[in-house]
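The primary structure of each chain is shown beneath.
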Amino acid sequence: MLRSALALWLALWNLLAFGAMGLDKWKARRQKWRIRERTLFLLAALGGSLGGLAGMAVFRHKTRHKKFWIGFSLLLLVQAGILAGLLRVL
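On a predicted model such as this, the values are computed, not experimentally measured, just so you know.

**Q** Hey, could you run me through the packing of aromatic side chains in this one?
**A** Two aromatic rings are characterised by how far apart their centres lie and by the angle between their planes. Applying the stated criterion across every chain yields a total of 5 aromatic pairs. Between the aromatic rings of Phe68 and Phe72, the centroid separation amounts to 5.4 Å while the plane-to-plane angle is 75°, which identifies the pairing as edge-to-face. In this pair, Phe68 and Phe72 both sit in helix H3 (residues 66-89), 4 residues apart, roughly one turn of the helix. Assessed through its relative accessible area of 0%, Phe68 is described here as buried. The class of Phe72 is buried, set by a relative accessible area of 1%. Taken together, Phe41, Phe68 and Phe72 form an aromatic cluster joined through their ring pairs.

Quick look at the structure:
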């Protein structure tokens, strides 16, 4: 039960982070109101770091910003460690 809830949590935040990167790229091309960087980081911090990195690669968005590559990568490492620890307990 807890494993499936955790999987659902991660799937949700990764899809949201991936979609937000795509939407922000779309808005950037059309000079529309953009998604705040702190919102993108919040989505990654809540469990969507892998989706955020995938969105960066697929949409070629924010790839020149080192703080995104480094920040999302560090979040992914931390989240992977937490996930590994949780899976041992569950």
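Picking up after the structure, the text goes on.
**Q** Can you help me understand the packing of helix H1 (residues 2-29) against helix H2 (residues 37-59) in this one?
**A** Each packed pair of helices is defined by two parameters, the angle between the axes and the distance between the axes. At a minimum axis distance of 6 Å, the contact between H1 and H2 shows a crossing angle of 55°. With respect to each other, H1 and H2 are oriented oblique. When the axes of H1 and H2 are compared, the crossing they make is right-handed. Looking at the contact of H1 with H2, its residues break down into 16 nonpolar, 8 polar and 2 charged.

**Q** Just checking my understanding: could you explain the pattern of salt bridges for this structure?
**A** Two side chains bearing opposite charge may form a pair once their charged atoms approach each other closely. In this structure the tally under the stated criterion is 3 salt bridges. Salt-bridge contacts for Glu37 lead to Lys67; the nearest nitrogen and oxygen are separated by 2.6 Å. Here Lys67 lies in helix H3 and Glu37 lies in helix H2, a separation of 30 residues in the sequence. Taking relative accessible area as the criterion, Glu37 reaches 26% and is therefore assigned partly exposed. What you see here is one network of salt bridges that share partners, running through Glu37, Lys62 and Lys67.

**Q** Is there a simple way to think about H2 in this case?
**A** The periodicity of an α-helix, 3.6 residues per turn, causes residues three or four places apart in sequence to face the same way. Taking 1.5 Å per residue as the helical rise, H2 with its 23 residues ought to reach 33 Å, whereas the 16 Å between its terminal C-alpha atoms falls clearly short. At Gly48, H2 shows its largest kink, close to 130°. Tucked inside the fold, the buried residues of H2 contact H1 and H3. One or two positions beyond H2, positive phi appears at Arg60, with a value near 50°.

**Q** Would you explain the environment of Met21 in this entry?
**A** For Met21, the location among the structural elements is in helix H1. Put simply, Met21 and Ala57 are 36 residues apart on the chain and 9.7 Å apart in space, counted from C-alpha to C-alpha. Leaving out residues up to four positions away in the same chain, Met21 has contacts with Leu40, Gly52, Gly55, Met56, Phe59, His61 and Lys62.

What counts and how
Residues numbered from 1 in each chain as written. Predicted model: local features only at pLDDT ≥ 70, side-chain atom pairs only at ≥ 80, totals over all residues. Heavy atoms only, no water. Phe/Tyr/Trp six-rings, centres within 6.5 Å; stacked < 30°, edge-to-face > 60°. Helix = DSSP H or I, 4+ residues; strand = E, 2+ residues; numbered from the N terminus. Buried < 20%, exposed > 50% of the residue type's maximum accessible area, 1.4 Å probe, protein only. Axes fitted to C-alpha atoms, helices over the stretch in contact; angles between N-to-C directions. Parallel < 35°, antiparallel > 145°, perpendicular 65-115°, else oblique. Left-handed = near helix turned anticlockwise from the far one by under 90°. Nonpolar A, V, L, I, M, F, W, Y, C, P; charged D, E, K, R; others polar. Salt bridge = Lys/Arg side-chain N within 4 Å of Asp/Glu carboxyl O. Expected span 1.5 Å × (residues − 1). Bend = angle between axes of the 7 residues up to and from the residue. Contact = heavy atoms within 4.5 Å.

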